[in-house]
Number of protein chains: 2
Amino acid sequence: MRMSTKAQYAVRALVSLNLDNGGLPISIKVISERENISLNYLEQLFVKLRRGGIVNSIRGPGGGYVLARPAADIRMDQIVDTVEEAMMPLSCMNTDGSCGCGTACATQLVWHGLGQQIKNFLTSITLEELTNDCRRQLKNQVVNS
Amino acid sequence: MRMSTKAQYAVRALVSLNLDNGGLPISIKVISERENISLNYLEQLFVKLRRGGIVNSIRGPGGGYVLARPAADIRMDQIVDTVEEAMMPLSCMNTDGSCGCGTACATQLVWHGLGQQIKNFLTSITLEELTNDCRRQLKNQVVNS
DNA sequence: AAAATAATTGACAGAAATAGTCGGGTATGA
DNA sequence: TCATACCCGACTATTTCTGTCAATTATTTT
């Protein structure tokens, strides 16, 4: 059971994007340096995020990316779905969607239920909340130093 | 986000093992045919399951595998943990466990929380429950045919 | 208009994990 | 002693993940 780095990077990058809002677009070059993620790899992710309607791009000098809607309206599951193709490509499914098990198969129910749990959890968290958590952490770091 | 076929096969195989209990051991050859899973691959899984204390093996003719304890005492998370090495090898962790993020990183909290959710879910289901679900399904199939 | 900036795109490559195979070995009951 | 069935390690193929490179297109500033 694992979550791809794609999803992890995408979330981090979006938090970073939302963190420092003067309303101005931020280039992925900046995010790449700040988050220590390969520039070219980030590009790929942002292409998907743009197509998925999570961010808008602004070209030319001074350009970059901005959120396509308020951070409070962007949920974790949307980010993950956009960046990874299939969440839980699952089970004893044949390519046609039928069950390839020899015996009747109750285990499908389990994986399906698990998928729902994950989905529910990710749906319950917005980018705004996540960013606020991050702001709190940053503040604590300053206080402690 | 995906669950390996290892985990899926292991669960199916164990349900199959528990389903047909005359108290007699069942060979993986039978399970392999019944569940349509490669024999040699199943062997690998059962080696792990045995080492993990989920099943016991009985060698020689008429031998096979039996559950090492009552199905009601075998939980899904134990099966998955036994058969996959690392559940959620996670995050922006460096190899030493520290956080490799440039900025303070709240996203770790999310993945950690997600891991807990998954764990909780899998912990809440026993092999016995799963097998009963399967028995119900089989009964319905007979009625409908 | 030209130059500079920055997004856009697609092709490609290396590494790692996964899935599955093969062949021989060992214990055991009939 | 023979057939059965587990035991084990090495090997291979495939896929997915992660990341790189190069060329292009669009936009703004000068």
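Up top is the structure.
Per chain, the residues get numbers from 1 upward, laid out in the order the sequence is written. Here every chain gets a letter starting at A, and every ligand a number starting at 1, in the order they are written. pLDDT decides what is reported in this predicted model: residues at 70 or higher carry local features, side-chain atom pairs at 80 or more are listed and counted, and totals for whole chains, interfaces and linings draw on all residues regardless. Note that the side-chain values use all heavy atoms of the structure and ignore hydrogens as well as water.

Asker: How should I be thinking about the protein's contact with DNA strand D in this particular structure?
Answerer: Taken together, 28 residues lie near DNA strand D, and T5 and S38 of chain A together with R50, S57 and Y65 of chain B sit nearest. The near set for a molecule or strand comprises every residue that places at least one heavy atom within 4 Å of it. Considering DNA strand D, the proportion of its atoms within 4 Å of the protein that are sugar or phosphate atoms stands at 62%. In this structure, a phosphate oxygen belonging to DNA strand D sits 3.1 Å away from a main-chain N or O atom of I28 of chain B. Of all the secondary-structure elements, those providing two or more residues to the surface near DNA strand D are α1 (5-19) and α3 (39-51) of chain A together with α3 (39-51), β1 (55-58) and β2 (64-67) of chain B. Examining the composition of the surface near DNA strand D, we find that four residues originate from one element, α3 of chain B, more than from any other. Residue composition of the surface near DNA strand D, by class: eight nonpolar, 13 polar and seven charged. Two N or O atoms form a polar contact when they lie within 3.5 Å of each other; inside protein one atom must be a possible hydrogen donor and the other a possible acceptor, and for residues adjacent in sequence the pair counts only when both atoms belong to side chains. A run of DSSP states H or I qualifies as a helix once it reaches four residues; a run of E qualifies as a strand once it reaches two. Both are numbered from the N-terminal end. Side-chain classes follow a simple rule in which Ala, Val, Leu, Ile, Met, Phe, Trp, Tyr, Cys and Pro form the nonpolar group, Asp, Glu, Lys and Arg form the charged group, and the remainder, Gly included, forms the polar group.

Asker: Is there a simple way to explain the protein's contact with DNA strand C in this structure?
Answerer: Within the structure, DNA strand C sits among 26 residues, and R50, S57 and Y65 of chain A together with S38 and Q44 of chain B are positioned closest to it. The contact atoms of DNA strand C, taken as those within 4 Å of the protein, divide so that sugar and phosphate hold 62%. In the environment of DNA strand C, a phosphate oxygen lies 3.4 Å from a nitrogen or oxygen atom belonging to the side chain of Y9 of chain B. Broken down by secondary-structure element, the contributors of at least two residues to the surface near DNA strand C are α3, β1 (55-58) and β2 (64-67) of chain A together with α1 (5-19) and α3 of chain B. For the surface near DNA strand C, the element with the most residues is α3 of chain A, which contributes four residues. Looking at the surface near DNA strand C residue by residue, the classes come out as seven nonpolar, twelve polar and seven charged.

Asker: When you look at the pattern of salt bridges in this model, what are you seeing that I'm missing?
Answerer: It is possible for side chains of opposite charge to pair when their charged atoms get near one another. The rule for a salt bridge is simple: a side-chain nitrogen of Lys or Arg has to be within 4 Å of a carboxyl oxygen of Asp or Glu. Here the structure, examined in full by the defined rule, presents nine salt bridges over all chains. Measuring nitrogen to oxygen at the nearest pair gives 2.7 Å for the salt bridge that ties D133 of chain A to R136 of chain A. Residue D133 of chain A and its partner R136 of chain A are both found in helix α6 (residues 127-144); the two are separated by three residues, about one turn of the helix. Burial here depends on accessible area, computed with a 1.4 Å probe over protein chains only, as a share of the maximum for the residue type. Under 20% is buried, over 50% is exposed, and the range in between is partly exposed. When its relative accessible area of 26% is taken as the criterion, D133 of chain A is described as partly exposed. For D81 of chain B, the salt bridge is made with K119 of chain B, and the minimal N-O distance between the two is 3.2 Å. With D81 of chain B in helix α4 (residues 76-83) and K119 of chain B in helix α5 (residues 107-123), the pair connects residues that are 38 residues apart, well separated along the chain. Using a relative accessible area of 31% as the deciding quantity, one classes K119 of chain B as partly exposed. The structure contains a network of salt bridges with shared partners spanning R75, D77, D81 and K119 of chain A.

Asker: Would you explain the environment of R69 of chain A in this entry?
Answerer: All names here are of chain A. If you trace the backbone, R69 turns up in the loop between β2 and α4 (76-83). Spatially, the C-alpha atoms of R69 and N56 are 9.0 Å apart, while their sequence positions differ by 13 residues. Residues contacting R69, with those up to four places away along its chain left out, are G53, I54, I74 and Q78. Separated by 3.4 Å, the side chains of R69 and Q78 make a polar contact. Throughout, a residue-residue contact means that at least one pair of heavy atoms, one from each residue, lies within 4.5 Å.

Geometric descriptors of this kind do not, in isolation, establish any biological role.
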